[in-house]
Amino acid sequence: MIEASELVDNDFLRQYELKIDDHLAKIEYSLQERKIFLTKLIIPDEINSETFQNDFLVTVFQDIEERNLSVVPTSPEIAKFVRKNRKYKRMLPVGVRI
C-alpha cells in the first residue's frame, strides 16, 4: 500500500507524483473552482501493475477528498477506476455521470 506521505501534489506542473525507485508515476490535472479534472495517468511500464495503479489512484482520491474537491475523471483509466469503485462516485459533481 502506498503511504499518503509519499504522494506529492506538484502545483507548478499540476500533477500528482509518486516516485518509486527511479520511476515517476503521475496524474496530470486541471483545477477549476472546486473541481479537479484528472486528465492523464502516466505510469512507467517498469512499475505498472493493476495493484500499483489501484493503490496510486486510491491515495490520490483520498487526498482530493480531504481537500473537499469534486472529481471529473477525463482519463479513460481513471473513469474505469471510478466505475469499479462505486464509493468514489459521490465525489463526482452534480450532473456528471460515468
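Residues numbered from 1 in each chain as written. Predicted model: local features only at pLDDT ≥ 70, side-chain atom pairs only at ≥ 80, totals over all residues. Heavy atoms only, no water.

Participant: Summarise helix α2 (residues 76-84); cite the residues concerned and give the values.
Facilitator: Spacing of three or four residues puts side chains on the same side of an α-helix, whose turn is 3.6 residues. Buried within α2 are the following residues: Ile78, Ala79, Phe81 and Val82. Seen end-on, α2 carries its buried residues on one side only, within an arc spanning 155°. What points out from α2, more than 90 degrees from its buried face, is the exposed set Pro76 and Lys84. On its buried face, α2 sits against β3 (23-32), β4 (35-42), α1 (50-66) and β5 (70-73). (Buried < 20%, exposed > 50% of the residue type's maximum accessible area, 1.4 Å probe, protein only. Helix = DSSP H or I, 4+ residues; strand = E, 2+ residues; numbered from the N terminus. Arc of directions from axis to C-beta. Contact = heavy atoms within 4.5 Å.)

Participant: Any details on the packing of α1 against α2? Residues and values, ideally.
Facilitator: Relative to each other, α1 and α2 sit at 80°, their axes nearing to 11 Å. Here α1 lies roughly perpendicular to α2, going by the angle between them. In this structure, α1 uses Glu50, Gln53, Asn54, Leu57, Val58 and Phe61 to contact α2, whose residues at the interface are Glu77, Ile78, Phe81, Val82 and Lys84. Among the residues making up the contact of α1 with α2, the classes are represented as six nonpolar, two polar and three charged. (Axes fitted to C-alpha atoms, helices over the stretch in contact; angles between N-to-C directions. Parallel < 35°, antiparallel > 145°, perpendicular 65-115°, else oblique. Nonpolar A, V, L, I, M, F, W, Y, C, P; charged D, E, K, R; others polar.)

Participant: Can you tell me about the sheet that holds β3, naming the residues and giving the values?
Facilitator: Sheet architecture is open: five strands sit in the order β1-β2-β3-β4-β5, paired in mixed fashion. Only two strands of the sheet have a single partner each, and these edge strands are β1 (8-10) and β5. The sheet shows a mean angle of 30° between the axes of neighbouring strands, direction not considered. In this sheet, β4 lies alongside β3 in antiparallel orientation, the contact comprising seven bridges. (Pairing = 2+ DSSP bridges.)

Participant: Requested: an account of the pairing of β5, with residues and values cited.
Facilitator: Pairing of β4 with β5 involves four bridges; the strand directions are parallel. From the neighbouring strand, Ile36 faces β5, where its bridge partner is Val71.

Participant: Before we move on, can you summarise the layout of surface pockets with the specific residues and values?
Facilitator: As a volume, the largest pocket reaches approximately 180 Å³. Contributing to the lining of the largest pocket are Glu50, Gln53, Asn54, Leu57, Glu77, Lys80, Phe81 and Lys84. Elements that contribute at least two residues to the lining of the largest pocket include exactly α1 and α2. Broken down by class, the residue content of the lining of the largest pocket amounts to two nonpolar, two polar and four charged. (1 Å grid on protein atoms, 1.4 Å probe; cavity = no way out; pocket = protein on both sides within 12 Å on 5 of 7 lines; lining within 4 Å. Points joined across faces, edges and corners; volume = space filled by probe spheres on them.)

Participant: Lay out the environment of Val8 in plain terms, naming residues and giving numbers.
Facilitator: Here Val8 is to be found in strand β1. Here Val8 falls in the partly exposed class, since its relative accessible area comes to 40%. Taking the C-alpha atoms as reference points, Val8 and Ile27, separated by 19 residues in sequence, lie 11 Å from one another. For Val8, the contacting residues outside a window of four places in its chain are Gln15, Tyr16 and Glu17.

Just geometry here; none of it tells us what the structure is for.
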